[in-house]
Amino acid sequence: MAAVITGLGSWLPSRVVTNEDLCANLDTTDEWITTRTGIRERRMVTGGLSTRDLAVEAGARALKSADESTVDAVVVSTTSFDRLCPAVAPEVAHLLGVDTVAAFDLTSACSGFPYGLATSAGLIAAGVARKVLLIGAEAFTTLVDPGDRNTAPIFGDGAGAVVLRAGEPDEPGALGPFDLGSDGAHADLLAIPAGGSRQRSARNGLGFDTVPTRDWYLQMAGRPLFVQAVERMTTSTRRVLDRIGWSAADVDWFVGHQANVRIVRAVAEELQLPEQRVAVNIDRVGNTLAASIPLLLNDIFDRGGLEPGQRVLLSAFGAGLSWGSTALVWPDIPIDAVS
Ligand code: COA
């Protein structure tokens, strides 16, 4: 049995923040951000919008694309929960009108979508669910210090989702072999130190918060992460290609997590994939963590580039460290424009 993609949907909040907008309050330039990352603008939540709201919008579009009104499980992959507790997925399921089904969150930062695909495929293989709605949703800019030039230009908000159903391994849309991995020795390269059980907020005897403000926000060591991202995504995608029996020449689209256009291009170069087969939307959305891959699939589709029968290689890398890749032949499904 295989897990087969039958629907895709995505959603972006309407507020566009350009590099020029950021420069007003940050010691940076449009030229630095564009040349070092490939990002020109990103979307950001505003007016009380949260991860839940983004997830519901993307989830509804994926259900419509799959022509389904219900599923057996809702999985939300996110690292920007609405609250530390409870998980956001049960509320998302409720708002989508699929109450009482299995619903849980999965946290794997930027590799959240491949991890979510593998988990959803596992639910199907185990007979727990015949249909799963997997949503990658992030309002991650709320966890980034707007005054930190190392991180503020990089991230954006958004959501993307797929519907998966039980099917046959040789059907279009069937997820191929997975390669998942992690390396916790480098856990500190990308982290939000405070908020969890290790570092809760507390008042000392003088009434001051004992947690330094910067610890509430994302801290990132960009350069070593860059090196790890290229290495891990290259090795992981090679393993998937070996297992599925494709050569690089067989790949129509490399859909790599959008953390930095230079990372995606470096992986493509290692794999000897020509530039026109490398999907890129980071210029318009930034790094949207678990939403990155479904947003990118939707983006290629919107621009008329993603066709049924094409061979797609997916890969992502992120905090943890963690990474994951898979491949599939794209199915013939109706998809709405992303926003
Ligand atoms: N504007 C202007 N200058 C900036 C800047 C900004 N927004 N951010 C950093 N700089 C400066 C640094 O202070 C540094 O200055 P120095 O040489 O005087 O110390 C210089 O630019 C180079 O910084 P560095 O961090 O080495 O730049 P880089 O070329 O590695 O690019 C990243 C930085 C973050 C874009 C890049 O390392 C990256 O994309 N890393 C991977 C990030 C990632 O994958 N994150 C998520 C995992 S999914």
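Every chain is numbered on its own, with residues counted from 1 as its sequence reads. Given that the model is predicted, a residue must reach a pLDDT of at least 70 before its local features are reported, and side-chain atom pairs must reach 80 or more before they are shown or counted; all residues, however, enter totals for whole chains, interfaces and linings. Processing note: side-chain calculations cover all non-hydrogen atoms of the structure and skip hydrogens and water entirely.

Some details on the site of the ligand
Not every one of the 24 residues close to the ligand is listed here, only the nearest: Thr 28, Arg 36, Gly 222, Arg 223 and Asn 260. In the analysis that follows, any N or O atom pair within 3.5 Å is treated as a polar contact, provided that within protein one partner can donate a hydrogen and the other can accept it, and provided that, for residues neighboring in sequence, both atoms belong to side chains. At 2.6 Å from a nitrogen atom of the ligand is found a side-chain nitrogen or oxygen belonging to Thr 28. One of the side-chain N or O atoms of Arg 262 is found 3.5 Å from an oxygen atom in the ligand. Protein coverage of the free-state accessible area of the ligand, which is 950 Å², stands at 75%. More than half of the atoms of the ligand fall within 2 Å of the grid points belonging to the second largest pocket. Here a helix means four or more residues in a row that DSSP labels H or I, a strand means two or more in a row labelled E, and each is numbered from the N terminus. Of all the secondary-structure elements, those providing two or more residues to the shell around the ligand are helix H2 (30–37), helix H6 (222–244), helix H7 (261–271) and strand S12 (311–318). Here the shell around the ligand gets 4 residues from one element, more than from any other, and that element is H6. Amino acids outside the nonpolar list (Ala, Val, Leu, Ile, Met, Phe, Trp, Tyr, Cys, Pro) and the charged list (Asp, Glu, Lys, Arg) are all regarded as polar, and Gly is one of them. Along the lines of polarity and charge, the residues of the shell around the ligand split into 11 nonpolar, 8 polar and 5 charged. As annotated, the domain borders come from an automatic or database domain assignment. Mapped onto the domain boundaries, the shell around the ligand takes at least three residues apiece from domain 1 (2–167) and domain 2 (178–185 + 218–337). Note on definitions. A residue lies near a molecule or strand when any single heavy atom of the residue is within 4 Å of it. Each accessible area is a Shrake-Rupley result for a 1.4 Å probe, and residues are judged covered by the shown protein chains and nothing else. Using a grid of 1 Å spacing that covers the protein atoms alone, one calls a set of points a cavity when a 1.4 Å probe fits there but cannot get out, and a pocket when the set is open and has protein on both sides within 12 Å along at least five of seven lines; lining residues are those with an atom within 4 Å of a point. Pocket or cavity membership: a molecule qualifies when more than half of its atoms sit within 2 Å of the grid points of that site.

A word on the side chain of Ser 50
Structurally, Ser 50 is set in the loop between strand S3 (41–43) and helix H3 (51–66). In what follows, residue pairs with any heavy atoms lying within 4.5 Å of each other are defined as contacts. If sequence neighbours within four positions are ignored, Ser 50 has contacts with Asp 82 and Ala 139.

Remarks on empty space enclosed by the protein
Grid points are joined across faces, edges and corners, and a volume is the space filled by probe spheres set on the points. Per the counting criterion, the structure on display carries 1 cavity of 30 Å³ or more. Residue lining of the largest cavity: Asp 82, Arg 83, Pro 86, Ala 87, Val 88 and Glu 91, and that is the complete set. A per-class count over the lining of the largest cavity returns 3 nonpolar, no polar and 3 charged.

Quick notes on the UniProt feature "domain: Beta-ketoacyl-[acyl-carrier-protein] synthase III N-terminal" (unreviewed entry) in the protein
When the UniProt feature table is mapped onto this chain, "domain: Beta-ketoacyl-[acyl-carrier-protein] synthase III N-terminal" (unreviewed entry) is found at residues 104–184. Measuring from the first to the last C-alpha atom of residues 104–184 gives 23 Å, for a span that is 17% helix and 31% strand. UniProt positions are given in the numbering used here, feature names are shortened, and annotations may be inferred rather than shown by experiment.

Notes on the environment of Thr 107
When you line up the elements, Thr 107 lands in the loop between strand S5 (102–106) and helix H5 (112–125). Taking the C-alpha atoms as reference points, Thr 107 and Lys 64, 43 residues apart in sequence, are found 26 Å from one another. If we ignore the near neighbours within four places in the chain, the residues touching Thr 107 are Thr 78, Thr 79 and Phe 81. Within the structure, Thr 107 has its side chain in polar contact with the backbone oxygen of Thr 78 (distance 3.2 Å).

Brief notes about the pattern of salt bridges
We define a salt bridge as a contact between a side-chain nitrogen of Lys or Arg and a carboxyl oxygen of Asp or Glu at a distance within 4 Å. Scanning all chains against the criterion turns up 16 salt bridges. Between Asp 53 and Arg 52 there is a salt bridge; the shortest N-O distance is 3.1 Å. Between Asp 283 and Arg 284 there is a salt bridge; the shortest N-O distance is 3.3 Å. A single salt-bridge network, built from bridges that share partners, covers Arg 52, Asp 53, Arg 83 and Glu 91.

Remarks on the domain arrangement of the protein
Taken domain by domain, the protein comprises domain 1 (2–167) and domain 2 (178–185 + 218–337). If you average the C-alpha positions of domain 1 and of domain 2, the two centres end up 16 Å apart. Taken together, the contact between domain 1 and domain 2 spans 47 residues of the former and 43 residues of the latter. Taking both sides of the interface into account, the surface hidden between domain 1 and domain 2 amounts to around 3,500 Å²; carbon and sulfur atoms contribute 66%. The tally of links from domain 1 across to domain 2 stands at 1 salt bridge. One salt bridge in this structure joins Asp 336 and Lys 64, with 2.8 Å as the shortest N-O distance. Run the count over domain 1 and domain 2 and you get 17 residue pairs in polar contact (both at pLDDT 80 or more). Secondary structure elements with two or more residues in the side of domain 1 that touches domain 2: strand S1 (2–11), H2, S3, H3, H5, strand S6 (131–138) and strand S7 (158–167). Residue composition of the side of domain 1 that touches domain 2, grouped by class: 19 nonpolar, 19 polar and 9 charged. Summed over both partners, the accessible area (1.4 Å probe) lost when two parts come together is defined as the buried area.

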